[in-house]
Structure formats: C-alpha cells, structure tokens
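# Descriptive analysis of the structure
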Amino acid sequence: MIDSIVAKVRDGGRVSAEEALALYHHAPTHVLGRLADGIRLRKHPEQVVTYIIDRNVNYTNICVARCNFCAFYRPVGSGEGYVLGFEEIFHKIDETIAVGGNQLLLQGGHNPDLPIQWYEDLFRGVKARYPDFKLHALSPPEVLHISRLNQLSTTQVIERLVAAGLDSIPGGGAEILVDRVRKLLNCYSKATSDEWIGIMRQAHLAGLRTTATMMYGTVETDEERIEHMMRLRDLQDETGGFTAFITWSYQPEHTEHGGFEETGVDYLRTLALSRIVLDNFDNLQASWVTQGGKVGQLSLAYGANDMGSVMIEENVVRAAGAAYCMDELEIVVNIEDAGFLPKRRNMHYEILGDPIFREREVPRMLALATARADGDTSVPDELKNYEARSRHGRQLRLGQ
Amino acid sequence: MSTVTAFDVYVDRINRGEPLSADEIRELAVTPDILSLGMLADTVRRRLHETRATFLRVADVAFDNQAMLGQSPAAREIRLTGSPSTLAAAVAAVEAARAVAGDRKVAGFSWDDIARWSAGASTGQVLARLRQAGLDAIVDLPLDVIDDPRYAVESLKDAGFLQLRLTISKAPADARTPLLIRAAQLQDSAGAIHALNPLPLSLSTFRPTTGYEDVKMVALARLAAPNVPSIQVDWQRYGPKLAQVALTFGADDIDGVSASDEAPEGRRRAPRAEIERNIEAAGLLPVERDGWFNLLQS
Ligand code: SF4
C-alpha cells in the first residue's frame, strides 16, 4: 500500500486523506522527507530559499478569548495587560526599516476596548508615514472579533481595513480546523472552523493574499491533523489565495492546557506530510522559532522552501517557552550551508534581492525584542479617543 | 551514473555488509543530499542495532567536589569533569568516585591530561596508576587533538582500558571526514574502540554548527566506521531535538543523559521519560545501557 502511494506522489499525484494517513503512519521519516523534497524541487527548481525581514508586533495582549493553549494573553483588568501606542508602533517600524525590513506582522489579543476606528487610525497613520511599508495584519479570529464588537459584517470589516491600509492577512488562529478540537482548546467561540475558512475566503475574494497555519500537538488525532490540511487544500483549490503554509508545534509552558511539546522528528514528519498533502501551496515555511535553528534548517530537506521571518520581535511563542533567535546573517548562513541560494522576499513571495547585509552595514541582532520593556505599564494617550467596552477600560479612559 | 543510482548501489553493498571505501566516503561528504546520506547511514545502523537505540544516564561530578558523588544513584556512569593539575589529585578524585560507584563505571579526563601528567614519567605508568585507582575510561580522546592516536589507543589497551570512545574536540566540518576515516583505520589495526562521537565537544558560540552539518557528520561517521559498534550523540550538548533527529541519521546511542529523575522545572518530564519519548517518536526502541554498553532491562 505504502509503495503505491509513494509512487503516486513521486509521479505528481494527489493523495486522499486515507493515503495521507497511511503515509504518516507507515512511511519512514527519510521516505517522507524525500517525497516532500521532491515536490519542493519541482516547485522551486532554482534552489532558492527565501526569507522576509519583518517584525512580529503584538499590539495588545489583552484578550477575552482565553484559548487554553495560549501563554501570551492577559485578561481584561490585568496589571500586565498592555496596548501599544501609535508612536511606539511607529518607532518599531523605524527600527524594522533600519535593518532592511518592509513589513509588520501585526496581531494581538481580542481586546474589547479597541473599536474598529483604532485599527483604521493606526493603519492610516502607518501608511501616511511609511507609504511603501506593508501591513500583514489581523488573523481571521481578530477580524471576527472586530466584526462582533462593532456590529459589522466580516466583509465590511475587511473592506474598511483594506481602505485604511491593510495589505494582507496572516493565517493565525487556525490551530486545528476541526470543531471538536477547537472546543477542547477553548478556541471554538473565537472562530469555528467554518468561520475561519469563511473569512479567508472573503479575504481572497476581496483580492487579499493570506497565509495559512496549523498548530499541532495538543489534543487532535492524526486524522484531524490531516482534515485540517484538507480544508486548506480545498479552499486553495477554490480561491488560490494562500501564499504559504506554516506549521508549528504547540508550546506548552505557562499555558493552562499544559502537557508536552511534540518532538523534532514529529515536526519534520508533519512538515513533510503537509508538503505532500498541500500540493497546491507554493510555499512552506520552516518554523525555526519553535524548533530552533538546527531543526529549522533541516526543515529545508523536508519540504520547506522558506525560512520565514528574520524576527526582530516575538512575544507569543516566547511566552510559552521557546526563545530562539536568528538574525539575517544567521538565516543566510543556514540557507547557504544547506546548499540553497538565499533571497529576500515580500509577503507575496516576490524576490526583493540578495541579503541586505551584503548591500550595506546593518546592526547584528543577537536577541529578540519584546513588545514592551518589562514593567512598562504606560497607557497610550490616544486611547482616550476611543470608546471602551469593558468596565475596566472605561475606568482607565476616565483616569486619562 | 545518476546520484540516485549511485545511492541504490551503495544501499545494496551496505546491505551485504560491505564497507564503503575512503574515497567513497570523501565523495559522500560533499553531497548536499542529506536525506539520501541519512538513509544509507540508517541502513548500516539497522544492520548493526536493528530498531534499538540506547542511552546512558551520567552523573557529571567536578573532580574536586566529592560531596556531589553520592547525588545521582540512577546514573550508570560517574563522569569526573575538570582537569586536575597533578596526577595525585586525579588519583584522589578517582578513588573517591570508585568508593561510591559500586558496579558503575568511573570515567574522566582527557588525553591532554594524560600527556601532561606523563611529563617525567611514562604514559603507561600514568595510565596504570589511574586504572589501579579505579578509573574505567578516559572521557575525551579527541582525534583532532591527539598527535598520535594509534599510540594513544595502544597505550590505553595495554593499561587495560577497554571499549574506548573516540571524540572530536573542535575540528570544523570539512576537517572531520578524514578523522572519521582515521577512526575506522584505527579500529581495523588496533581494535578496542567501541564508540565514536563525531560532533564537536567544544561548542563555538561564534560559529555554532548547523543542523545539516551535524546530521551529515553523524551519517558519515556511521558510514565511514561500520567497524565501530556505536555512533553517539550527546543529549545535553546537542539538545533533544538534534539528538533525536541524529538517531534517524545513523546514531544509535545517546550519551550524557542527566541522571536526575526529578523533572527539572514545572511540567517538563524527567530526563528518562523525555528521552524514551524522543526515541520512540523517532520510530526506535529505547533501551537504557550501563557504562559498559550492557543493555539494562527497564
Ligand atoms: S491565542 Fe490569541 S485569541 Fe487565543 S487567548 Fe491567545 S491572544 Fe487570545
């Protein structure tokens, strides 16, 4: 059985869910890797491995969703809750541009005290100051949260945010697109599987490109992992709107759900399987942020063709225990050491050029920045201009 | 001949138990195709060890901190760390360790230490003195540092040290292939080598090794030295993720697992449970071993 599936994949055939499961259960790791590597080579024969210089900014950690796998959020009223000010975000953009970056990946908690006008003003402010800078922002559950909070449809939310400057939507919040799993992880109410897929469909139809993600290793079965991939593959067949797929292992530290992280071999097998199943996705990112630089680099042999982001800042995964850092130089060394040609890209996977540090001097980054310095509890001045929904938020506004 | 065909031929030969030549190993060392290399190494590994992967729990104890000697009863090897300035200090440390070790292995020191203590005496006398004190193994026999590895191996054998383990101190990747070939030649001529640890023991923060480099070196070691029973990776130095992946690239033994059965923090698993889980997730059967490579029933 396995031999015939292996031959089918080698010949460019598409696997069914049953075949994918059989491969995952029975194919040796090297066989999965070679199949995935063959597909990568077919799609990227020029042997280029890309990366992007951007900054992962989490504009707020206050969240009413309370997913039980998340170590990042703080409830409304927490002394550790924060909202970044516009000026703070502009400052982060200045730092990003200084190291050759061209985009913010902007995501945050479901904060009931940030109406849609806050996002619109922020996006307009960014575009007024940095017209060419890209905003890859607000995953589907955030779009849904904004729609509920402001009593707008998700289509209206997307339209308004695009008008304000939104360029593309990140694929966060997908976790596993199976409602049984979402209920167990307490992320069903933030967005059901259908809602997540539906918002991505709307975004694609509105002309936006988006990414897709999968966080595995919590409570899902192998079948459910594959069901997740199938749902993404179906939508990609329909719209072609996904630029890339990124998978990572659940990071358990400091989370309510607890448990253990899946191993490095599990990651490489899952990555390889996703390359095989998602035959209509051009790009697969390596998650070195969760796997570390070494397994991150090895991902390039198991189907990945992109090293993701030269992260300048990261808060979410770090809160759950992973704290790996690679600057552009290190990413490039890893790509070249693996026998590939490193190229900088934008969110649309268009090649922007060779490594920036070979064109001009850029400061080395040996540690990731955080959203805010420890102990900084300042409240941005402009928040008083926006109506708060929570009692705590309203009290804060009164005190401003 | 295309690369795939060449690899298929290699697989056939390996399955017949035929070693690859030094020239073939050098040729493989420059391939970027680490998956094929890994498959070849895994074929050798499975021929020698089937689906078994062993691990050794070690108590690392500073040679001058005898108070810590009794701390890790689960360890199957007491490993003295540090470099005593005199042979007398080394002997005292070994005797103290031997007194609490029972049937467990006592290991320590490097060939550099032996060479230093041998100034004014013969190497044989130094080794005999340490053996007499109860030392079972020299931990570091770095092929890239020892001037005359053959002399070192012969001297150790003569002094009664068995199941030697060869290491690499810090040679860069491109300098390591000849060392792996050398290890196989040494085994052919002198014997007594039980394990080869091909990843550098001194880690450079300035130029850390990469994942490709590490797994390639493990695979090359397995292919270059099929006459050496075990290819090891160090659990603590290289971390669970890389060590686990190395098991699919030809390694069969994980060295340096912490002997503490306490979970180090919060919800993390105890080291033994963690390593067993990692070995199983690599599709292999975890078996604890003692310092002499005897398999222990769990
Ligand atoms: S994962 Fe996102 S939505 Fe869920 S609790 Fe964390 S911040 Fe909130």
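Structure report, in brief. Quick caveat: nothing in here was measured; it's all calculated off a predicted structure.

Looking down a regular strand, the side chains alternate between one sheet face and the other. Residues and elements named next belong to chain A. Of all five residues in strand β2 (residues 103-107), five are buried; the element is thus mostly enclosed. Judged by which residues are buried, β2 turns out to be covered on both faces: Q103, L105 and Q107 on one side and L104 and L106 on the other are all buried. At this point the chain moves from strand β1 (residues 48-58), through helix α4 (residues 86-98), to the parallel β2, and the crossover so formed is right-handed. By the bridge criterion, four bridges tie β2 to strand β3 (residues 134-137) in an arrangement that is parallel. Each residue of the ladder has a partner; that of L105, found in β3, is H136. The handedness of the β2 to β3 crossover, carried by helix α5 (residues 116-129), is right-handed.

All names here are of chain A. Between the first and last C-alpha of α4 there are 18 Å, a value that for 13 residues agrees with the 18 Å anticipated at 1.5 Å per step. For α4, the set of buried residues is F86, I89, F90, K92, I93 and T96. Buried residues of α4, viewed axially, fall in a sector of 160 degrees; they line one side. Two residues or fewer past α4, G100 is found with a positive phi of approximately 95 degrees.

This part takes up the side chain of N278 of chain B. One can find N278 of chain B in helix α11 (residues 271-281). Its relative accessible area of 3% is what places N278 of chain B among the buried residues. Among the polar contacts listed, one links the side chain of N278 of chain B to the backbone oxygen of E274 of chain B, at a separation of 2.9 Å. The contact partners of N278 of chain B, leaving out residues within four places of it in the chain, are T263 of chain A together with W235, P240 and Q244 of chain B.

A few words on the site of the ligand. What surrounds the ligand is the set C63, A65, R66, C67, F69, C70, Y73, G109, H110 and K190 of chain A. In terms of residue class, the shell around the ligand is built from six nonpolar, two polar and two charged.

One non-glycine residue, Q151 of chain A, adopts positive backbone phi at about 50 degrees. One can find Q151 of chain A in the loop between α6 (140-150) and α7 (154-164). Of note, the phi angle at Q163 of chain B is positive, near 50 degrees, even though the residue is not glycine. Relative to the helices and strands, Q163 of chain B is located in the loop between α7 (149-158) and β5 (164-167).

Now for the interface of chain B and chain A. Facing the 28 residues of chain B at the interface are 30 residues of chain A. Interface area, chain B with chain A, both sides summed: about 2600 Å², of which 58% is carbon and sulfur. In this structure, the connection of chain B to chain A is made through two salt bridges. Between K294 of chain A and D214 of chain B there is a salt bridge, with the nearest N and O atoms lying 2.6 Å from each other. Across the chain B-chain A interface, the total number found is 14 residue pairs in polar contact (both at pLDDT 80 or more). For the side of chain B that touches chain A, the secondary structure elements donating two or more residues are α3 (34-49), α9 (211-224), α10 (235-247) and α11 of chain B. Looking at the side of chain B that touches chain A, the element that brings in the most residues is α3 of chain B, giving six residues. Here the residues of the side of chain B that touches chain A sort into 11 nonpolar, eight polar and nine charged.

Glancing now at the packing of aromatic side chains. All names here are of chain A. For the coordinates displayed, the defined rule picks out 12 aromatic pairs over all chains. Measuring from centroid to centroid gives 5.5 Å for Y59 and W118, while their planes differ by 40 degrees, and the two rings are tilted. Of this pair, Y59 sits in the loop between β1 and α4 while W118 sits in helix α5, and the two are 59 residues apart along the sequence. Seen from their ring centres, W196 and F242 are 6.4 Å apart, and the 20 degrees between their planes marks the pair as stacked. Of this pair, W196 sits in helix α9 (residues 193-205) while F242 is found in strand β6 (residues 242-249), placing the two residues 46 residues apart along the sequence. Residue classification places F242 among the buried residues on the basis of a relative accessible area of 2%. Taken together through their ring pairs, the aromatic side chains of Y59, F86, W118, Y119 and Y386 make up a single cluster.

Moving on, we get to the environment of V126 of chain B. Residues and elements named next belong to chain B. The topology assignment puts V126 in helix α6 (residues 123-133). Spatially, the C-alpha atoms of V126 and L87 are 7.6 Å apart, while their sequence positions differ by 39 residues. Not counting residues within four places of it along the chain, the set of residues in contact with V126 comprises L87, I114, W117 and S118.

Before going further, it helps to spend a moment on α7 of chain A. Residues and elements named next belong to chain A. Along α7, the residues that are buried comprise T154, V157, I158, L161 and A164. When α7 is viewed along its axis, its buried side chains cluster within an angular range of 130 degrees and face the same direction. Residues of α7 that are exposed and point over 90 degrees away from its buried face: E159 and A163. For α7, the elements touching its buried residues are α5, α6 and α9.

Viewed as axis vectors pointing N to C, helix α12 (residues 288-298) of chain A and α10 of chain B meet at an angle of 25 degrees, and their least axial separation amounts to 9 Å. The orientation of α12 of chain A with respect to α10 of chain B, classified from their angle, is roughly parallel. Viewed along their axes, α12 of chain A and α10 of chain B form a crossing whose handedness is right-handed. Here α12 of chain A contributes T290, Q291, K294, V295 and L298 of chain A to the contact with α10 of chain B, which in turn contributes Y238, K241, L242 and V245 of chain B. Taken together, the residues of the contact of α12 of chain A with α10 of chain B break down into five nonpolar, two polar and two charged.

Further remarks concern the nonpolar core. The biggest cluster of nonpolar side chains holds 211 residues, and the ones touching the most others in it are L23, W118, F123 and M307 of chain A together with L130, L196 and L223 of chain B. Top element by residues in this core is α9 of chain B. It accounts for nine residues. If we ignore the near neighbours within four places in the chain, the residues touching L223 of chain B are I14, L20, I25, L28, L37, L40, A41 and V44 of chain B.

Attention now goes to the packing of α3 of chain B against α9 of chain B. Residue and element names in this part refer to chain B. At their nearest, the axes of α3 and α9 sit 9 Å apart, and the two run at 45 degrees to each other. Between α3 and α9, the crossing angle belongs to the class labelled oblique. Seen from above, α3 lies across α9 with left-handed handedness. Here I34, L37, G38, L40, A41, V44, R45, L48 and H49 of α3 come into contact with α9, specifically with Y212, V215, K216, A219, L220, R222 and L223. Residues of the contact of α3 with α9, tallied by class, amount to 11 nonpolar, two polar and three charged.

The rules behind each value
- Residues numbered from 1 in each chain as written.
- Chains lettered and ligands numbered in written order.
- Predicted model: local features only at pLDDT ≥ 70, side-chain atom pairs only at ≥ 80, totals over all residues.
- Heavy atoms only, no water.
- Buried < 20%, exposed > 50% of the residue type's maximum accessible area, 1.4 Å probe, protein only.
- Helix = DSSP H or I, 4+ residues; strand = E, 2+ residues; numbered from the N terminus.
- Right-handed = clockwise from strand over helix to strand, strands pointing away.
- Pairing = 2+ DSSP bridges.
- Expected span 1.5 Å × (residues − 1).
- Arc of directions from axis to C-beta.
- Polar contact = N/O pair within 3.5 Å; in protein donor to acceptor, adjacent residues only side chain to side chain.
- Contact = heavy atoms within 4.5 Å.
- Near = heavy atom within 4 Å.
- Nonpolar A, V, L, I, M, F, W, Y, C, P; charged D, E, K, R; others polar.
- Buried area = accessible area lost by both parts, 1.4 Å probe.
- Salt bridge = Lys/Arg side-chain N within 4 Å of Asp/Glu carboxyl O.
- Phe/Tyr/Trp six-rings, centres within 6.5 Å; stacked < 30°, edge-to-face > 60°.
- Axes fitted to C-alpha atoms, helices over the stretch in contact; angles between N-to-C directions.
- Parallel < 35°, antiparallel > 145°, perpendicular 65-115°, else oblique.
- Left-handed = near helix turned anticlockwise from the far one by under 90°.
- Core = buried A, V, L, I, M, F, W, Y, C linked by side-chain atoms within 4.5 Å.

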